[in-house]
Amino acid sequence: MSPRGNSNMLPVYKRRRTENIQAGSVMGEGKPTAYSPSSSSSSSYISRFCSSALRTKTLASSSPSDSSIRTLSGDALVRRLGLFDLILIGVGASIGAGIFVVTGTVARDAGPGVTISFILAGASCVLNALCYAELASRFPAVVGGAYLYTYTAFNELTAFLVFAQLMLDYHIGAASIARSLASYVVAVLELFPFFKENIPSWIGHGGEEFLGGALSINILAPILLVLLTIILCRGVGESSAVNCFMTVTKVVIVLFVIIVGAFKVDVSNWSPFAPNGFEAILTGATVVFFAYVGFDAVANSAEESKRPQRDLPIAIMGSLLVCVVLYIGVCLVITGMVPYKLLGEDAPLAEAFTSKGLKYVSILISIGAVAGLTTTLLVGLYVQVNIETPMYFTWCQCTNDSVSYEQSRLYLGLGRDGLLPSLFARVHPKAHTPVHSQIWVGIVASILAGLFNIHALSHILSVGSLTGYSVVAACVVTLRWNDKTASQVSTRWTSTWQEGVIYLIIIAGCGFSAGLFYRVGASFFCLLVAAVIAVLASIALYSRQVYMNPPGFSCPGVPIVPAVCIFFNIFLFAQLHYEAWVRFVILSLISIGIYAFYGQYHADPLSSNETIIYHRAPIEEGQ
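Treat the numbers as computed from the prediction; the structure is a model and nothing was measured. (Residues numbered from 1 in each chain as written. Predicted model: local features only at pLDDT ≥ 70, side-chain atom pairs only at ≥ 80, totals over all residues. Heavy atoms only, no water.)

(A) Up close: the pattern of salt bridges. Taken as a whole and assessed by the stated rule, the structure comprises 5 salt bridges. The partner of R583 in a salt bridge is D169, and the shortest N-O contact between them spans 2.7 Å. Separated by 414 residues along the polypeptide, R583 in helix α22 (residues 578-602) and D169 in helix α7 (residues 156-189) bring together distant segments of the chain. One exposure class covers both R583 and D169, and it is buried. Ionic pairing is found between R544 and E499, a salt bridge with its closest N-O pair at 2.7 Å. Separated by 45 residues along the polypeptide, R544 in the loop between α20 (524-543) and α21 (560-573) and E499 in helix α19 (residues 491-520) bring together distant segments of the chain. (Salt bridge = Lys/Arg side-chain N within 4 Å of Asp/Glu carboxyl O. Helix = DSSP H or I, 4+ residues; strand = E, 2+ residues; numbered from the N terminus. Buried < 20%, exposed > 50% of the residue type's maximum accessible area, 1.4 Å probe, protein only.)

Now the structure itself:
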């Protein structure tokens, strides 16, 4: 199949030795990394570790005439998504876990102020989404997302750490949804007299607690995860009708909850609005941050958007705005109906309406939650194996006009890259699914769902999202640096690159310091100093680097917007529960250990010399 448009401009991914990077490549030009197998045998272990850790993946331009090119089979990806389609994708991917799961948990800590938590998290996600959209429009949909961006912009070890933190977030999110889904399933079953009050708590409602509440046994949640994992292993294809129906159903139920519940609100329940102070609201923002992660589905639709420059930012902000409004409405209603201390954690909406005698609304919520959370969990499990997979391609396809596409797989990609055992790279010959990776995801999520309740899981959630999206924002900045003005690709450029990275680290450090100062109640002067240093670093980042204009969608205000994004994300990171910090440190150490004893020896930069080309359909006139 011949590519459309100018074949020399097709985006290409190629793994190659970073020592051979030459001036004039599209990205990673003169990247200060090196890898030499011949010298590594004589060097020390630390030298080899550093050399391996600094390997990068580069984005190059090529021609279909190259012998190393493998063109994807099937039709090219077509730009068929309009503005409304993109908004629908973002809303459908976000609404679910945030409303049906974490609302009650966060409200018990932040009180009615949970509404502010959702607003703050939404504002942060707008900045993150703009950064994500630029990289999604520049990179073909292969081997996935933040991992690939980091691998290209920074190095192999950093990419592996980003992968580990993000994947644990997805595992925890899937486990939390499964616990809530189990509670809603039990609520539906108890509509029948035979099951009413005859189902033990350790089966679905909450769980049987042990070790002072550290463990909470739940049987139904892992069973549901196992069933969904089996379905995914057999292969799942979602039609546009099902996806659109589920999205509309979830939104209608949420609107119904807001309208009906508004008549049962007791405004006295909103006082005090922030019973545990603004610190609890900020901590709540770090937890509910995970409720907005569906925006990456919009960002990754850049390849299929008819008018990416115009529609992507509008769709991202539009879908986030819709979600923010719905989240605020639900939070105000349930905290006004029931005192925040009495809200349930597993099925807060259904329990709130039941307490007001609105049993029929509770039944509707439970049925809708079961359907919505099942879809959300199914997609969540799927994304963990096929992260950044263009599942949204199927949303707007006509039944007689299908689009063939190659799914990008993160676990599969790391298995092929050698950072994980080759077992993860195997695809079932008949089902055409990465069965081993899917089973692994199901096992991890099932263990978490079976042993920990939503309260415990929510305390260690959003670590990967906040840190991963901060790295993505940094990738936007580094990949915009234009070194073509320097004729000599020498130590001068290398020091300039390192200087820019140092500024990014300073901004992140100031964000964490400011967040920590605020958390411990330090003086306003300390906060001001951290903010001023971050501003100075951003100014230096702007004035000391040359930035190119990327093809496709471009994030506005680079490097200022990404710098603000990094500062605010890390500021929120400082508000996380202490358990989340412990999780971050322990998982980072474990990941470094895995890389040191396995990844650095098996991640061969020359293991795959093939180049993967994704054909882009032309952008419409005027874009």
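Once you've had a look at it, read on.
(B) The arrangement of the packing of aromatic side chains in detail. With the rule as written, the count across this model stands at 19 aromatic pairs. When the ring of F194 is compared with that of F195, the centres are 5.2 Å apart and the planes differ by 85°; the resulting orientation is edge-to-face. On the accessibility criterion, F194 (65% relative accessible area) is exposed. Ring geometry for F512 versus W581: centroids 5.8 Å apart, planes at 50°, classification tilted. With F512 in helix α19 and W581 in helix α22, the pair connects residues that are 69 residues apart, well separated along the chain. Classification of F512 by relative accessible area gives partly exposed; the value is 27%. By the ring-pair criterion, three or more aromatic residues cluster together here, those being F512, F573, Y578, W581 and F584. The residue whose ring lies beneath R519 is Y578, and the NZ or CZ to ring-centre distance is 4.3 Å. Above the ring of W581, the side-chain terminus of R519 is found at 5.0 Å from the ring centroid. (Phe/Tyr/Trp six-rings, centres within 6.5 Å; stacked < 30°, edge-to-face > 60°. Lys NZ or Arg CZ within 6 Å of the ring centre and 35° of its normal.)

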